[in-house]
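Chain and residue survey
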Amino acid sequence: MHGHDGSREAGRQECLRLLASVSIGRVVCTLDALPAVVPVTFQLDEDRGVLLCTSARSRLVRATDGHVVAFQADRFDEPEGTGWSVTVTGRASVVTDPEESARLRATGSHPWVPAAEQVFVRIAPELVSGRVLAAATARAS
């Protein structure tokens, strides 16, 4: 997208603020040597890392732990011609510290499907980028 298409780049802090306003996004990783986009619930942690809560036995944990992944979330209003999209790229790691896991469980992040052995995966926000779309009327002028 270019500046004349009604969009603009969002700075890191704006991107993180936008991410904090939604709870569903997508993890982009490799599953069985193929690219995969997996919808997930998430939250931002105090360090602004992206936190996913999932089953310890999930394919997502095996595909992300120790690997660089991308995470994307967005919100659009098609009739109004407004919205935003944010992408975070960074190394994912399973939270293994019991105290940290207990703290995260207390924050209320839960997977879509309840699992007996829930773990948290943290994506460190190494690269953060985003685009904000202007209203359709602004693009027409």
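Further up the page is the structure itself.
Quick look at the structure, then. Note that the structure is a prediction, hence the values are computed from the model and not measured.

Bringing the nonpolar core into the picture now. Leu19, Phe42, Leu52 and Phe71 are the most contacted members of the largest nonpolar core, which totals 31 residues. Of the residues forming this core, the biggest block, five residues, is contributed by strand β6 (residues 82–94). In this structure, Cys53, Val95, Leu104 and Phe120 belong to the second largest nonpolar core, which totals five residues.

Turning our attention to the side chain of Ser58. Mapping Ser58 onto the fold places it in the loop between β4 (50–55) and α2 (59–64). From its side chain, Ser58 meets the backbone oxygen of Ser55 in a polar contact 3.0 Å long.

To continue, consider the pattern of salt bridges. For side chains of opposite charge, pairing can occur when their charged atoms come near one another. The final tally for this structure, using the stated rule, is twelve salt bridges. For Arg8, the salt bridge is made with Glu14, and the minimal N-O distance between the two is 2.9 Å. A relative accessible area of 41% places Arg8 in the partly exposed class. The salt bridge involving Arg103 is made with Glu100; its shortest N-O contact spans 3.0 Å. Highlighted residues: Arg103 and Glu100, both in helix α3 (residues 98–106), separated by three residues, approximately one helical turn. Shared partners join several salt bridges into a network, and the residues in it are Asp45, Glu46, Asp47, Glu100, Arg103 and Arg122.

Taken together, the buried positions of helix α1 (residues 12–19) are Cys15, Leu16, Leu18 and Leu19. Down the axis, α1 shows its buried residues gathered within 160° of arc, on one side only. Structural note: α1 exposes Gln13 and Arg17 on the side pointing more than 90 degrees away from its buried face. The elements touched by buried residues of α1 are β1 (7–10), β3 (34–44), β5 (68–77), β6 and β8 (127–133).

About the cut-offs
- Residues numbered from 1 in each chain as written.
- Predicted model: local features only at pLDDT ≥ 70, side-chain atom pairs only at ≥ 80, totals over all residues.
- Heavy atoms only, no water.
- Core = buried A, V, L, I, M, F, W, Y, C linked by side-chain atoms within 4.5 Å.
- Buried < 20%, exposed > 50% of the residue type's maximum accessible area, 1.4 Å probe, protein only.
- Helix = DSSP H or I, 4+ residues; strand = E, 2+ residues; numbered from the N terminus.
- Polar contact = N/O pair within 3.5 Å; in protein donor to acceptor, adjacent residues only side chain to side chain.
- Salt bridge = Lys/Arg side-chain N within 4 Å of Asp/Glu carboxyl O.
- Arc of directions from axis to C-beta.
- Contact = heavy atoms within 4.5 Å.

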